[in-house]
Amino acid sequence: MSNSVSICAFRDSQEGMTFMSMKQRMISARDLDHLDPIPAVAKPMALWLWLNLDPLGRGPMDLEWIAEQTSTDPETALEHLLMLMEAGFLTTYQANGAEWLLLLHPLKADLRRTKIHTPEPPPDRPWTSVAVGGGARGRAREQARERARAEASARASA
């Protein structure tokens, strides 16, 4: 629908390097269909990821950086990422000792003269599924359990 120029900048969490590239990306009506199952509160995060991860839809799972760039706090950023995972828009993978985001529906981009700095996802991963187990989802579950314990403890002592 609209034509957008985006500056893609992200930090390599292992080496502390920042990668930047300017690529023109087009969000089509067909792309927007992928936003339908996403809760309204998480749609801005989906759009931000489309425009700010690398042209293949990959980037570091760095909550502090994502929160800073999207003007949210890390907990809210994590909640939105989890909503995107549950909607089948995003998954994560492990590579080079770090966790990485992978959009399951990246935008079309002209890859000519483009250097990709993100690691390849494992070839045996079933990409149609949502991230399971550890990583962001595991951390979110643990944070939710801790909040529930704290609330139960506060009610018990009141």
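Residues numbered from 1 in each chain as written. Predicted model: local features only at pLDDT ≥ 70, side-chain atom pairs only at ≥ 80, totals over all residues. Heavy atoms only, no water.

## Describing the overall build of the chain
Then, number 1: Looking only at helices and strands, the chain has 5 helices and 5 strands in total.
Then, number 2: Walking the chain from its N terminus toward its C terminus, one meets helices and strands in the order β-β-α-α-β-α-α-β-β-α.
Then, number 3: Expressed as a percentage of contacts within the chain between residues at least 6 apart in sequence, the contacts between residues at least 24 apart total 62%.
Then, number 4: When the accessible surface of the chain is totalled, it reaches about 9,000 Å², and 53% of it is carbon and sulfur. (Helix = DSSP H or I, 4+ residues; strand = E, 2+ residues; numbered from the N terminus. Contact = heavy atoms within 4.5 Å. Areas by Shrake-Rupley, 256 points an atom, 1.4 Å probe, with all protein chains shown as cover.)

## Observations regarding the packing of aromatic side chains
Then, number 1: Scanning all chains against the criterion turns up 2 aromatic pairs.
Then, number 2: Here the aromatic rings of Trp50 and Phe89 are separated by 5.3 Å at their centres, their planes lie at 65°, and the arrangement is edge-to-face. With Trp50 in helix H2 (residues 43–52) and Phe89 in the loop between helix H4 (74–86) and strand S4 (90–95), this pair connects stretches of sequence that are 39 residues apart.
Then, number 3: A residue is classified by how much of its surface remains accessible, and Trp50, at 1% relative accessible area, is buried.
Then, number 4: Residue classification places Phe89 among the buried residues on the basis of a relative accessible area of 0%. (Phe/Tyr/Trp six-rings, centres within 6.5 Å; stacked < 30°, edge-to-face > 60°. Buried < 20%, exposed > 50% of the residue type's maximum accessible area, 1.4 Å probe, protein only.)

## What to know about unusual backbone geometry
Then, number 1: Despite not being glycine, Ser71 has its phi angle at roughly 55°, a positive value.
Then, number 2: Along the chain, Ser71 falls in the loop between helix H3 (63–70) and H4.
Then, number 3: The class of Ser71 is exposed, set by a relative accessible area of 68%.
Then, number 4: Even without a glycine there, the phi angle at Asn96 is positive, about 55°.
Then, number 5: Taking relative accessible area as the criterion, Asn96 reaches 56% and is therefore assigned exposed.

## Points about H4
Then, number 1: Here H4 spans 18 Å end to end across 13 residues, near enough to the 18 Å set by a 1.5 Å rise per residue.
Then, number 2: Along H4, the positions that sit buried rather than exposed are Ala77, Leu78, His80, Leu81, Leu82, Leu84 and Met85.
Then, number 3: Two or three places before Glu75, at the opening of H4, Asp73 has a side-chain oxygen 3.2 Å from that residue's backbone nitrogen.
Then, number 4: Gly88 occupies a position one or two residues after H4 and carries a positive phi of about 80°. (Expected span 1.5 Å × (residues − 1). Polar contact = N/O pair within 3.5 Å; in protein donor to acceptor, adjacent residues only side chain to side chain.)

## A word on the pattern of salt bridges
Close approach of charged atoms allows side chains with opposite charge to pair.
Then, number 1: Counted according to the given criterion, the structure contains 2 salt bridges.
Then, number 2: Between Glu120 and Arg58 there is a salt bridge, with the nearest N and O atoms lying 3.5 Å from each other. Of this pair, Glu120 sits in the loop between strand S5 (98–103) and helix H5 (135–157) while Arg58 sits in strand S3 (residues 58–60), placing them 62 residues apart in sequence.
Then, number 3: With relative accessibility at 4%, the residue Arg58 sits in the buried group. (Salt bridge = Lys/Arg side-chain N within 4 Å of Asp/Glu carboxyl O.)

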